[in-house]
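# Coordinate inspection notes
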Amino acid sequence: QVQLVESGGGLVQAGGSLRLSCAASGRTFGNNVMGWFRQSSGKEREFVASITWRGDTTYYVDSVKGRFTIFRDNAKNMVWLQMNSLRPEDTAVYYCAASTRFGTGNPGISAYDYWGQGTQVTVSS
């Protein structure tokens, strides 16, 4: 059974930091694009960041550039999202996802085949 399990969410004050982790099991995603998405109440799920299979290219939504960093360790089958300078508008459920069809580039949300259950991030003002 393939699983993506996120952890590291929580409550933090504005300006603080959190590091989200995503552990994959059941298959390896070393050749695949991995991404982070988020969904806040009443809104559609949106792209946050993605990373190519080698980890040498990353993509970010404009609102998190310079504050968030995505990185991965293929040997551990894990991906992380380091979030600094958090803002109340970052509050959302954050999801880890894997695209088995892409190893490079920044595919759209429909290209992601596997999803975690999500972890809540709440940023207080």
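Residues numbered from 1 in each chain as written. Predicted model: local features only at pLDDT ≥ 70, side-chain atom pairs only at ≥ 80, totals over all residues. Heavy atoms only, no water.

### Remarks on the sheet that holds strand 8 (residues 78–83)
To keep things clear, this is the line we draw: Any two strands with at least two DSSP-identified bridges between them are counted as paired. Comment: elements are numbered from the N terminus, with helices defined as DSSP H or I runs of at least four residues and strands as E runs of at least two. Working convention: axes come from line fits to C-alpha atoms, limited for helices to the stretch in contact. Angles between N-to-C directions cover 0 to 180 degrees.
Strand order in the open sheet made by the four strands is 1-3-8-7, with antiparallel pairing throughout. The sheet is open, and its two borders are formed by strand 1 (3–7) and strand 7 (68–73), each paired with just one other strand. Sheet twist, expressed as the average angle between the axes of neighbouring strands with direction ignored, equals 15 degrees. As defined by bridge partners, strand 7 adjoins strand 8 across six bridges and the pair is classed as antiparallel. Opposite Ile 70, over in strand 8, you have Leu 81 as the bridge partner.

### Re the nonpolar core
Just so we agree on the cut-off: Here, nonpolar core refers to any group of buried Ala, Val, Leu, Ile, Met, Phe, Trp, Tyr and Cys residues whose side-chain atoms link them within 4.5 Å. Burial classes follow relative accessibility: with a 1.4 Å probe on protein chains only, a residue under 20% of its type's maximum area counts as buried, one over 50% as exposed, and anything between as partly exposed. By the convention used here, residues are in contact when the closest approach between their heavy atoms is within 4.5 Å.
The biggest cluster of nonpolar side chains holds 26 residues, and the ones touching the most others in it are Trp 36, Leu 81, Met 83 and Tyr 94. The set of elements that each furnish at least two residues to this core consists of strand 3 (18–25), strand 4 (33–39), strand 5 (46–51), strand 7, strand 8, strand 9 (92–99) and strand 11 (119–124). If near-sequence neighbours (up to four positions away) are discounted, Tyr 94 is found in contact with Glu 6, Leu 20, Trp 36, Phe 37, Arg 38, Val 48, Phe 68, Leu 81, Met 83, Gly 118, Thr 119 and Val 121.

### Here's the deal with the state of the cysteines
Put simply, the rule reads: We call a pair of cysteine sulfur atoms a disulfide when they lie within 2.5 Å.
One pass over the full model with this rule turns up one disulfide. Between Cys 22 and Cys 96 runs a disulfide, and the two sulfur atoms are separated by 2.0 Å. Judged by the sign of its S-S torsion, about -75 degrees, the bond between Cys 22 and Cys 96 is left-handed. With Cys 22 in strand 3 and Cys 96 in strand 9, the pair connects residues that are 74 residues apart, well separated along the chain. In this structure, Cys 22 and Cys 96 share a single accessibility class: buried.

### Some points on the pairing of strand 11
Here strand 11 shows one buried face, formed by Thr 119, Val 121 and Val 123, and one open face, formed by Gln 120, Thr 122 and Ser 124. Of the strand pairs in this sheet, strand 2 (residues 10–13) and strand 11 are connected by four bridges, and their pairing is parallel. Its bridge partner being in strand 11, Val 12 is matched across the sheet by Val 123. In this structure, strand 9 lies alongside strand 11, joined through three bridges in antiparallel fashion. Its bridge partner lying in strand 11, Val 93 is registered against Gln 120.

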